[in-house]
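Next come the chains, spelled out residue by residue.
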2 protein chains.
Amino acid sequence: VSRPARRIRLDLAYDGSDFAGWQRQRAQRTVQGVLEETLAEIQGGGRRVVLRAAGRTDAGVHARHQVADAEIASRLTDSEFERALRQMLPGDVRPLSLRTVDGGFHSQKHALSKTYCYRLDLSPAGDPFETRYALHHPHPFDARRVEAALGGLPGRRDWSGFAASACTKLDRVRTMTEAHLARLSPTRVDLVFSADGFLQHMVRNLVGTLLEIGGGRMPPETIEQVLESRDRRRAGPTAPAHGLVLVRVDYPDERAARGPRRL
Amino acid sequence: VSRPARRIRLDLAYDGSDFAGWQRQRAQRTVQGVLEETLAEIQGGGRRVVLRAAGRTDAGVHARHQVADAEIASRLTDSEFERALRQMLPGDVRPLSLRTVDGGFHSQKHALSKTYCYRLDLSPAGDPFETRYALHHPHPFDARRVEAALGGLPGRRDWSGFAASACTKLDRVRTMTEAHLARLSPTRVDLVFSADGFLQHMVRNLVGTLLEIGGGRMPPETIEQVLESRDRRRAGPTAPAHGLVLVRVDYPDERAARGPRRL
């Protein structure tokens with residue numbers, strides 16, 4: 001019996017706390033690993049499924065809206081497949097939508113931009129409901145200094161100075177389209193970054209540097225100096241993974257390529 | 001060396017997921033137990049500390065703002081004591097403020113009203129960031145029917161029909177001052193209840209009944225029938241503990257008795 005193959009787009013959310021990141025790794029619990037196994041189980045016939053994602057998030061990083069795609073061979077409809085996924089996936093990785101897309105769709109290559117949020121908890125004692133999702137930072141934080149530094153970020157630049165030393169990408173030029181501070185409450189702050197691409201640890205290194213600037217330990221000009229020198233050692237430390245969340249991926253034709261947000 | 005005794009008021013927040021409720025129990029991890037041990041350790045001298053709370057939350061129930069009080073004998077100032085608490089308490093129970101109050105202050109007896117919130121996650125797949133804090137309810141939910149039923153709740157009534165069968169209170173008359181539905185997003189709903197007191201499981205039994213009404217399985221008049229009959233068996237099931245959170249306690253003289261909200 002032939003099972004027609006098709007490409008599906010899977011929109012999903014996950015709590016990264018208990019995952020060793022997106023990318024499949026031997027003997028580690030990863031988002032890609034858990035999803036590929038579950039998709040293959042639903043597909044049946046012992047065939048593997050290979051999943052691509054818009055952003056390969058690091059260990060501990062969350063996603064409120066990640067986009068992935070895969071080729072599957074199954075006679076289940078999209079909604080039957082989605083329902084099976086809902087039932088079989090663990091509670092910390094949830095499907096938002098699943099639907100058949102054009103065979104040429106590529107969740108990573110076709111993404112126009114991605115948006116990441118880094119959450120800070122500035123309360124003295126730390127919000128017990130945010131320990132897994134925000135960096136507790138009960139230290140001096142001058143929001144105006146941070147906003148001034150953020151204002152200088154957008155543009156097309158070489159981000160080498162904010163990339164992980166281990167970053168293997170040769171082309172490190174990316175265009176940042178947005179960088180701002182959103183105050184959710186007196187003690188909850190989101191630092192929001194949108195770009196056509198991000199280098200490894202780029203947001204976390206930016207946040208680590210912004211916290212130095214906000215605390216008065218580095219001048220706001222540091223950002224520009226790190227960018228110009230392309231010298232990672234001039235930047236601040238890498239902020240912890242658990243404050244970071246992928247919140248959005250944009251595609252050229254929104255109607256065709258973007259799934260409904262149902263959370 | 002004499003250590004002057006004084007009464008302190010402790011405002012706090014906790015994630016109830018990993019606690020067997022507020023009340024101290026042998027060989028169980030409870031909020032009262034963890035706090036009393038830590039307070040005694042800071043106080044020193046091997047003396048016990050006995051903590052009273054405005055609301056003795058059940059196992060799994062959270063508090064965004066609980067109020068407790070205790071007599072302590074220590075020469076530490078309030079802010080020194082609070083800092084020590086912050087450092088020594090685990091991440092799931094956090095002090096919001098600690099300060100010396102009038103010796104006659106009683107966090108439970110003097111509370112004018114308490115407010116509880118019950119959170120529902122109506123999304124089909126379930127928000128992975130809310131699994132510990134909201135009841136996942138991917139079922140029919142007619143918000144208008146629920147709001148109509150909530151509208152009939154406020155008033156001075158005998159709540160026996162919504163109390164746990166095990167409830168030992170003789171006087172079951174309480175005054176509910178507020179009962180409403182707050183829609184935080186298309187799929188996140190809070191059911192909010194304020195009263196001068198709550199019986200055991202009262203909010204969870206009300207929510208369980210409201211979900212039956214919202215799903216069309218019970219008529220809206222059920223609420224009135226349960227109240228009039230005082231018959232627990234006519235009400236819906238007890239909603240799970242993890243959706244419930246104590247969000248506020250009000251005292252007569254707000255300036256004197258209410259701590260700053262610092263989360």
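Once a new chain begins, its residue numbering starts again from 1 and follows that chain's sequence as written. Chain letters start at A and ligand numbers start at 1, both assigned in the order the entries are written. Residues qualify for local features only when their pLDDT is at least 70, as the model is predicted, and side-chain atom pairs are given and counted only at 80 or more; totals for whole chains, interfaces and linings, by contrast, use all residues. Hydrogen atoms and water are omitted, and side-chain values are computed over all heavy atoms in the structure.

Draft legend 1. The overall build of chain A, seen in detail. For helices the rule is a DSSP run of H or I covering at least 4 residues; for strands it is a run of E covering at least 2, with both sets numbered from the N terminus onward. If you tally the helices and strands in chain A, you get six helices and ten strands. Its C-alpha atoms give chain A a radius of gyration of 20 Å, within 12% of the compact-globule value 18 Å for 263 residues. In terms of its C-alpha atoms, chain A occupies a principal-axis envelope of roughly 65 × 40 × 35 Å. Per-residue accessibility, obtained with a 1.4 Å probe over protein chains only, is compared with the maximum for each type, and a residue is labelled buried under 20%, exposed over 50%, and partly exposed between these values. Taking all 263 residues of chain A together, 57% fall into the buried category. Here chain A displays about 11600 Å² of accessible surface, and carbon together with sulfur accounts for 48% of that area. When charges are counted, Lys and Arg are positive and Asp and Glu negative, with His and the chain ends excluded. Taken as the charge location is NZ of Lys, CZ of Arg, CG of Asp or CD of Glu. For chain A, the separation between the mean place of its 41 positive charges and that of its 32 negative charges on side chains is 3 Å. The size measure is the radius of gyration over C-alpha atoms, and the globule rule it meets is 2.2 Å times the number of residues to the 0.38 power. Residue exposure ignores everything except the shown protein chains as possible cover, and the areas themselves are Shrake-Rupley values with a 1.4 Å probe.

Draft legend 2. Structural context of the interface of chain B and chain A. On the chain A side, the residues contacting the 24 residues of chain B number 24 residues. Buried surface area refers to the total accessible area, computed with a probe of radius 1.4 Å, that the two partners give up upon joining, counted for both partners together. Taken over both partners, the interface formed by chain B and chain A buries close to 2100 Å², and the fraction arising from carbon and sulfur atoms is 66%. A side-chain nitrogen of Lys or Arg and a carboxyl oxygen of Asp or Glu constitute a salt bridge if their distance falls within 4 Å. Between chain B and chain A we count two salt bridges in total. The definition of a polar contact used here is a pair of N or O atoms within 3.5 Å, where within protein one atom must be able to donate a hydrogen and the other to accept one, and adjacent residues in sequence count solely through side-chain atom pairs. Our enumeration of links across chain B and chain A arrives at two residue pairs in polar contact (both at pLDDT 80 or more). Only strand E1 (5-14), strand E3 (62-73) and strand E4 (93-101) of chain B provide two or more residues apiece to the side of chain B that touches chain A. Only Asp, Glu, Lys and Arg are considered charged, only Ala, Val, Leu, Ile, Met, Phe, Trp, Tyr, Cys and Pro nonpolar, and every remaining residue, Gly among them, polar. Residue composition of the side of chain B that touches chain A, grouped by class: ten nonpolar, six polar and eight charged. Working rule for contacts: check all heavy atoms of both residues, and any pair within 4.5 Å makes them a contact.

Draft legend 3. Region of the structure containing the relation of the copies chain B and chain A. Screw-axis analysis of chain B against chain A gives a translation of 0.0 Å along the axis, an RMSD of 0.0 Å, and a rotation angle of 180 degrees. Both copies of the chain, as the preceding transformation shows, are related through a two-fold rotation axis. Among all residues of chain B, the one whose C-alpha sits closest to the rotation axis is Phe129(B), at a distance of 5.1 Å. Here 100% of the contact residues of chain B are again contact residues in chain A; the copies associate through an equivalent surface. The superposition of copies rests on a least-squares fit of C-alpha positions from residues with pLDDT of 70 or more in both.

Draft legend 4. Focus on the packing of aromatic side chains. Any pair of Phe, Tyr and Trp rings, taking the six-membered ring for Trp, is counted once the centres come within 6.5 Å. Such a pair is stacked with planes under 30 degrees apart, edge-to-face with planes over 60 apart, and tilted for the rest. This structure, assessed with the given rule, holds ten aromatic pairs over all chains. When the ring of Tyr116(B) is compared with that of Phe198(B), the centres are 5.1 Å apart and the planes differ by 85 degrees; the resulting orientation is edge-to-face. Taken together, the positions of Tyr116(B) in strand E5 (residues 113-121) and Phe198(B) in the loop between strand E9 (188-195) and helix H4 (202-214) put the pair 82 residues apart, joining distant regions of the chain. Relative accessible area serves as the criterion here: at 14%, Phe198(B) is assigned to the buried category. Here a set of aromatic residues connected by ring pairs shows up, and it is made of Tyr14(A), Phe19(A) and Trp22(A). Any Lys NZ or Arg CZ that is within 6 Å of a ring centre and within 35 degrees of that ring's normal is treated as a charge sitting over the ring. One Lys or Arg, Arg64(A), reaches over the ring of Phe129(B) and ends 4.1 Å from the middle of that ring.

Draft legend 5. Local environment of the pairing of strand E4 (residues 93-101) of chain A. All names here are of chain A. Burial analysis of E4 places eight of its nine residues in the buried class, the great majority of the element. As judged from the eight bridges shared by strand E1 (residues 5-14) and E4, these two strands associate in the antiparallel manner. Counted as the bridge partner of Arg 9 is Arg 99 from E4. Paired strands are those between which DSSP finds at least two bridges.

Draft legend 6. Main features of the packing of helix H1 (residues 31-43) of chain B against helix H2 (residues 78-88) of chain B. Residues and elements named next belong to chain B. Angles here are taken between N-to-C directions and fall from 0 to 180 degrees, while the axes themselves are lines fitted to C-alpha atoms, restricted in helices to the stretch in contact. The contact between H1 and H2 brings their axes to 10 Å, and the two run at 130 degrees. In terms of orientation, H1 lies oblique with respect to H2. Handedness of the crossing formed by H1 with H2: right-handed. Residues Thr 38, Leu 39, Glu 41, Ile 42 and Gln 43 of H1 form the contact with H2, whose own contacting residues are Phe 81, Ala 84, Leu 85 and Met 88. A breakdown of the residues in the contact of H1 with H2 according to their chemical character gives six nonpolar, two polar and one charged. To sort the angles, those under 35 degrees are grouped as roughly parallel, those over 145 as roughly antiparallel, those from 65 to 115 as roughly perpendicular, and the leftovers as oblique. Take the far helix as your reference; a near helix turned counterclockwise from it by less than a right angle gives a left-handed crossing, and one turned clockwise gives a right-handed crossing.

Draft legend 7. Layout of the pattern of salt bridges. Applying the stated criterion across every chain, the model contains 40 salt bridges over all chains. Taking the shortest distance from any N to any O, the salt bridge between Asp58(B) and Arg204(B) comes out at 3.6 Å. Note that Asp58(B) is positioned in the loop between strand E2 (52-53) and E3 and Arg204(B) in helix H4, a separation of 146 residues in sequence. On the basis of relative accessibility, which here comes to 23%, the residue Asp58(B) falls in the partly exposed class. On the basis of relative accessibility, which here comes to 12%, the residue Arg204(B) falls in the buried class. One salt-bridge network, in which partners are shared between bridges, spans Arg119(A), Glu130(A), Arg188(A) and Asp190(A).

Draft legend 8. Local environment of the side chain of Ser194(B). All names here are of chain B. Counting through the fold element by element, Ser 194 comes out in strand E9. Note on Ser 194: relative accessible area 4%, which makes it buried. Residue contacts for Ser 194: discarding those within four places in its chain leaves Lys 114, Thr 115, Thr 175, Met 176, Thr 177 and Glu 178.

Draft legend 9. Structural view of H2(B). Residue and element names in this part refer to chain B. Buried within H2 we find Asp 78, Phe 81, Glu 82, Ala 84 and Leu 85. Burial along H2 is one-sided: seen end-on, the buried residues are contained in an arc of 160 degrees. On its buried face, H2 is in contact with E1, H1, E3 and E4. Here, the arc refers to the directions that run from the helix axis to the C-beta atoms.

Draft legend 10. Seen up close, the environment of Leu122(A). Residue and element names in this part refer to chain A. Its location among the elements puts Leu 122 in the loop between strand E5 (113-121) and strand E6 (135-136). Taking the C-alpha atoms as reference, Leu 122 lies 34 Å from Gln 108; in sequence the two are 14 residues apart. Sequence-distant contacts of Leu 122, that is, excluding residues within four places in its chain, are made with His 137, Pro 138, Phe 141, Arg 183, Thr 187 and Val 189.

Draft legend 11. Main features of the environment of His242(A). Residues and elements named next belong to chain A. Looking at the element boundaries, His 242 is found in the loop between helix H5 (222-229) and strand E10 (244-250). Of the residues examined, His 242 reaches a relative accessible area of 26% and is grouped as partly exposed. Considered as a pair, His 242 and Leu 112 are 130 residues apart in the sequence and their alpha carbons are 25 Å apart. Setting aside residues no more than four positions away along its own chain, His 242 makes contact with Gly 60, His 62, Thr 131, Arg 132, Tyr 133, Ala 134 and Leu 135. Within the structure, the side chain of His 242 is placed 2.9 Å from the backbone oxygen of Ala 134, a separation counted as a polar contact.

Draft legend 12. Structural detail: the side chain of Arg7(A). Residue and element names in this part refer to chain A. By the secondary structure assignment, Arg 7 is in strand E1. On the accessibility criterion, Arg 7 (15% relative accessible area) is buried. Polar contacts involving the side chain of Arg 7 include one to the main-chain carbonyl oxygen of Gly 103, which spans 3.5 Å. Excluding its chain neighbours within four sequence positions, the residues that come into contact with Arg 7 are Arg 52, Asp 69, Ala 70, Glu 71, Arg 99, Thr 100, Val 101, Asp 102, Gly 103 and Phe 105.

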